[in-house]
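Architecture at a glance
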Amino acid sequence: MKVLKFGGTSVGSTESIKQVIAIIKAEKQPAKTVVVVSAFGGVTDQLIEVSQLAELGAETYLDLLKGIEQRHVDAVKALIKAKNQKGLLSGFKAMFTELEDVLHGVFLLKELSAKSLDYVASFGERLSSLIITDAFIDAGVETQLADSRHLIRTDRNFNNARVNVKVTEENIKTYFKKNKALTVVPGFIASTDRGEVSTLGRGGSDYTAAIFAAALDAKVLEIWTDVDGVLTANPRVVRRAIPIPLLSYDEAMELSYFGAKVIYPPTIQPALDKGIPIVIKNTFNTAAPGTRITAEVPAGDAPVKGITSIGDISLLTISGSGMVGISGTSMRFFGALGRNKISVIMISQASSEHSITIAVTDKESVRAKEAIEEEFEYELQAGKIDPIAMEQQQSIVAIVGQNMRNTPGIAGKLFSVLGRNGINIRAIAQGTSELNISFVISKQDENKALNVIHESFFLSNTKVAHIFLVGVGLVGKTLVKQIQQQQQYLKDKLGLELRLAAVSNSRKMAFNAEGIAWEDVATVLEKSKQKADIDKFAKEVVALNLRNSIFVDCTADPVVGTSYKAFLDHSIAVVTPNKFAASGPYALYNELNRIAQKRGARWLYETNVGAGLPVLSTLSDLVKSGDQIHSIEAVLSGTMNFIFNTVSAKMPFSKTVQEAKVQGYTEPDPRIDLSGKDVARKILILAREAGFMLEFEEVEIVNFLPGKVFKTKDIESLWAALEAYDAEFDVLRTRIEKEKKKLRLVASFDGKAAKVELREFTQDHPFYNLEGSDSIVLFYTARYPKNPLVVKGAGAGAEVTAAGVFADIIRLRG
């Protein structure tokens, strides 16, 4: 014998009912099949609403009732041949007349008892089972209808009646000894010993199916719904949730208790008692294997099976020195809650006996707090117990898996991934069985937590990083292009998806948590009506609260460069070639590093010094491994190097600077490069990374250009000022060529002071042979006292800078 249950979505339309008929016709032995059906999708809620409207004296209940009747009549006409409809439709007419009479009584009395509500609600399953039975017969399947009101006996606890298991099982067995055809049974409904209609409460149709399966010793109980089985997480929150092939009864109970919607705990109990497998299947995708729920799972099965959550939770904590060593405190605490019929969802207690924390629903939190305060009134007044703490708008998240007990490191992995994403845990509970680890977090972090945990345990080879990009000038635009070209490689080889969640230029900004196509950046910004504002941008990023968030600053804007605290403080990583934060006031530099360390967020600015060169990472490795930095000498401006290597008799200094800007080597304002300030910021960053406290004002800059160049009001006037200097510079250039030397803008740090100056080098010096826009850094250390550690390569340009930013982003995936 098999029992198949079809829920409201499976019988929600005529097309879905036709699919149910096809599923049953495909059964090898339909005569040995019991089909339990729910009301048509949404009908039970509508019947409850009709009842409540009648109780309020609102005549509109009649309109809603007519709509329910018409829906069922339409279903009969769509599913059953015209010649076979008459008897069913006339029966419907009598049923709806009966229902209307009851509701009219409720309307007149303005009173709706639990008993009356059960009676009205029962019509959903009564109507659907009649239609589906006749639809089977009309399709050529021999079928009988077994009214569960005549078989399932309950007490008089209406709306959530308790089943008399012994009587019910005897009734079912007796019925099926006499009846051998395919049997349709209405779920959810039953009756008392007095013949009154009762209902089985939430998940009642599943419970009905389990009751029949247990009574008939069925070989399997199949629950047909609209998903491919029990999923690893709520698919409405975690888009990449996947079906779980196999669950134990205990795992299924835990998942359902903590919010999984496919099954309801009482459903499992009758099947569990008889050891009957439960299979969750998809009515609309019959090829999917679904989820099989059995007594045990193999020892080698996955340690974590699913993640689930319950929202709108409040934490209540009783604490104080007066609790320590005092017997009966817990009994009084939970007794007070029990007397007030408050359900405790989770308990967390310190081993010191100093505190007990419980989780209840937000709706019951105030009542729970008042009940506890009343019980411990004396202790509270005497100061033996602290005031009862209440935290609302929380969520419980649980990971479930029977094999967690045999797998070390699960808790460490769980809390590590939460910490990296800035998710604070308020309370933790874990049973000795290690079947689940449950914890409480802020409700605003619930979605992010579910996604990062799911990614970590079920999609460990894939990761989605949300990018928030500010600046789409030369470097930003190049970065977008590089990511666009490399997307497939990142997914295939690194298991990384970079999803652009927001983008901003100097005028506009745009947000889309689902992702902005990289190729559409320019169009999206053009169409956006949001004015660019870095403070509002930061607030929106924080409010979105997306997992694995990375803020990427590709501007040279000091305002943006000093905004990083807002991101790091919320565990959002920062990647940037913008030097203003790392070379700003030392207090800011130090604070940002402190916050990054405290929040477990990373601030990566490798491209601040050598574009795509590994200058800072090399220095960091030296310092971390215990080396001592004695001095640093460097040519850090690929821009100035390009200029000095390109300038000639045919290409004067002014034209060379213009060419450098066209090639993307200079800052948006070339005066920053020419003044030596850009190089000064770089050597300052190197000194700080080496462990020295230094301010920008302490870096000595020896200018080789006249002061009027830097006082020009705009770029056009800059070109004119440089052109006036061409002749003077050409004298210098001619002499340098004659002496077979090279000009370099050198930055140096001797362990005490930093300096930027124009220097001349002969062929025997490493700085002489720099080509194009190359940069070079010489680290003189305790380990490299005479022959320095050298980092050399392309040090300027949009391509290499963007590539360095890209590399930092990828580095964050680990």
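Residues numbered from 1 in each chain as written. Predicted model: local features only at pLDDT ≥ 70, side-chain atom pairs only at ≥ 80, totals over all residues. Heavy atoms only, no water.

Focus on the overall build of the protein chain
Secondary structure assignment for the protein chain yields 29 helices and 30 strands. Relative to the globule expectation of 28 Å for 814 residues, the C-alpha radius of gyration of the protein chain, 36 Å, shows a markedly less compact shape. With respect to the three principal axes, the spread of C-alpha positions in the protein chain is 115 × 75 × 55 Å. Residue burial in the protein chain is summarised as follows: out of 814 residues, 53% are buried. Carbon and sulfur atoms form 50% of the exposed surface of the protein chain, whose accessible area is close to 36,100 Å². Here the protein chain holds 96 positive side-chain charges and 94 negative ones, and the gap between their average locations is 3 Å. (Helix = DSSP H or I, 4+ residues; strand = E, 2+ residues; numbered from the N terminus. Rg over C-alpha atoms; globule rule 2.2 N^0.38 Å. Buried < 20%, exposed > 50% of the residue type's maximum accessible area, 1.4 Å probe, protein only. Areas by Shrake-Rupley, 256 points an atom, 1.4 Å probe, with all protein chains shown as cover. Lys, Arg positive; Asp, Glu negative; His and termini not counted. Charge placed at Lys NZ, Arg CZ, Asp CG, Glu CD.)

Observations regarding the pattern of salt bridges
Counted according to the given criterion, the structure contains 37 salt bridges. Here the salt bridges do not stand alone but share partners, grouping R332, R339, E375 and E379 into one network. (Salt bridge = Lys/Arg side-chain N within 4 Å of Asp/Glu carboxyl O.)

Considerations on the sheet that holds strand β10 (residues 278-282)
On the basis of which strands lie adjacent, the open sheet formed by 8 strands has the order β3-β5-β2-β1-β8-β10-β11-β9 and mixed pairing. Both outer strands of the open sheet, β3 (143-145) and β9 (246-248), are each paired with one neighbouring strand and no more. This sheet shows a mean twist of 20° between the axes of neighbouring strands, independent of strand direction. As judged from the 3 bridges shared by β9 and strand β11 (residues 291-294), these two strands associate in the parallel manner. (Pairing = 2+ DSSP bridges. Axes fitted to C-alpha atoms, helices over the stretch in contact; angles between N-to-C directions.)

Considerations on helix α7 (residues 165-178)
Taking 1.5 Å as the rise per residue, α7 with 14 residues should run 20 Å; its terminal C-alpha atoms sit 21 Å apart, in good agreement. Regarding α7, the residues found buried are T168, E169, I172, Y175 and F176. All buried residues of α7 project into a common sector of 130° when viewed along the axis, lining one side. The exposed residues of α7 that point more than 90 degrees off its buried face are K166, K177 and K178. (Expected span 1.5 Å × (residues − 1). Arc of directions from axis to C-beta.)

Some details on the side chain of E69
Inspection of the secondary structure assignment puts E69 in helix α3 (residues 61-79). At 4.1 Å, K93 is the nearest oppositely charged side chain to E69, a buried residue that forms no salt bridge.

Quick notes on helix α12 (residues 362-375)
The end-to-end C-alpha separation of α12 is 20 Å, in line with the 20 Å expected for 14 residues at 1.5 Å each. Among all positions in α12, only D362, E364, S365, A368, A371 and I372 are buried.

Describing a positive patch on the surface
The grouping of K28, K32, K180 and K219 at the surface amounts to a positive patch. Positionally, K28 belongs in the loop between α1 (14-25) and β2 (33-37). (Patch = residues over 30% accessible without salt bridge, like charges linked within 9 Å, V, L, I, M, F, W, Y side chains within 5 Å.)

Some points on unusual backbone geometry
Excluding glycine, residues mostly carry a negative phi; peptide bonds, for their part, are mostly trans. The backbone phi angle of Q393 is positive, close to 55°, even though this residue is not glycine. By the secondary structure assignment, Q393 is in strand β15 (residues 389-400). One non-glycine residue, N548, lies in the positive phi region at around 50°. The exposure class assigned to N548 is buried, which follows from its relative accessible area of 13%.

Thoughts on the sheet that holds strand β6 (residues 189-192)
The strand order across the open sheet formed by 3 strands is β4-β6-β7, and the pairing between neighbours is mixed. Unpaired on one side and paired on the other, β4 (153-154) and β7 (197-199) mark the two borders of the sheet. Relative to β6, β4 runs parallel, the two being bridged by 2 bridges. Counterpart to R153 in the pairing with β6 is S191.

Concerning the environment of Y61
Positionally, Y61 belongs in helix α3. Looking at Y61, the relative accessible area reads 2%, which means it is buried. With 512 residues separating them in the primary sequence, Y61 and A573 have C-alpha atoms 55 Å apart. Beyond its immediate chain neighbours, meaning those up to four positions away, Y61 contacts V50, L53, A54, L103, H104 and F107. (Contact = heavy atoms within 4.5 Å.)

Notes on the pairing of β11
Sheet topology places β10 next to β11; 3 bridges connect them, and they run antiparallel. Its bridge partner lying in β11, I280 is registered against T291.

Some thoughts on the packing of aromatic side chains
What the rule picks out here adds up to 24 aromatic pairs. The interplanar angle of 75° and the centroid separation of 5.5 Å between the aromatic rings of Y119 and F123 together place this pair among those described as edge-to-face. Each member of the pair, Y119 as well as F123, is classed as buried. The ring of F123 is capped by R126, whose NZ or CZ atom sits 4.2 Å from the centre of that ring. The aromatic ring of F696 is capped on one face by R681, whose charged end is 4.5 Å from the ring centroid. (Phe/Tyr/Trp six-rings, centres within 6.5 Å; stacked < 30°, edge-to-face > 60°. Lys NZ or Arg CZ within 6 Å of the ring centre and 35° of its normal.)

Some details on the pairing of strand β17 (residues 436-442)
Look at any regular strand and the pattern is simple: side chains alternate between the two faces of the sheet. Counted residue by residue, β17 has 6 buried out of 7 residues, so it is predominantly covered. Here β15 pairs with β17 via 7 bridges, running antiparallel. If you follow V400 over to β17, its bridge partner there is N436. The sheet contact formed by strand β16 (residues 425-430) and β17 spans 5 bridges and is antiparallel. When the sheet's bridge partners are listed, Q430 is paired in β17 with I437.

Quick look at the environment of L616
Positionally, L616 belongs in helix α23 (residues 615-624). As a C-alpha pair, L616 and A271 span 345 residues in sequence and 63 Å in three-dimensional space. Once you skip the residues sitting within four places of it in the chain, L616 turns out to touch Y605, E606, V609, I685, L686 and E689.

Some points on the nonpolar core
Core analysis: the biggest nonpolar cluster contains 78 residues, and F537, F551, W603, F653, I683 and L686 have the highest contact counts within it. Filtering out sequence-adjacent residues up to four positions away, F653 remains in contact with I643, F644, V647, L674, F704, L705, L722, Y725, D726 and F729. With 47 residues, the next largest nonpolar core counts L79, F107, I131 and V141 among its residues. (Core = buried A, V, L, I, M, F, W, Y, C linked by side-chain atoms within 4.5 Å.)

Remarks on the environment of I410
Residue placement: I410 occurs in helix α14 (residues 410-420). Sequence separation of I410 and I372 is 38 residues, and the distance between their C-alpha atoms is 35 Å. Excluding its chain neighbours within four sequence positions, the residues that come into contact with I410 are P303, V304, I399, M404, I437 and F457.

Section: the packing of α1 against α3
At a minimum axis distance of 10 Å, the contact between α1 and α3 shows a crossing angle of 50°. Of the possible angle classes, the one that applies to α1 and α3 is oblique. Both α1 and α3 take part in a crossing whose hand is right-handed. Across the interface between the two elements, T14, I17 and K18 of α1 pack against A75, A78 and L79 of α3. Along the lines of polarity and charge, the residues of the contact of α1 with α3 split into 4 nonpolar, 1 polar and 1 charged. (Parallel < 35°, antiparallel > 145°, perpendicular 65-115°, else oblique. Left-handed = near helix turned anticlockwise from the far one by under 90°. Nonpolar A, V, L, I, M, F, W, Y, C, P; charged D, E, K, R; others polar.)

By themselves, these observations are geometric and do not establish any function.
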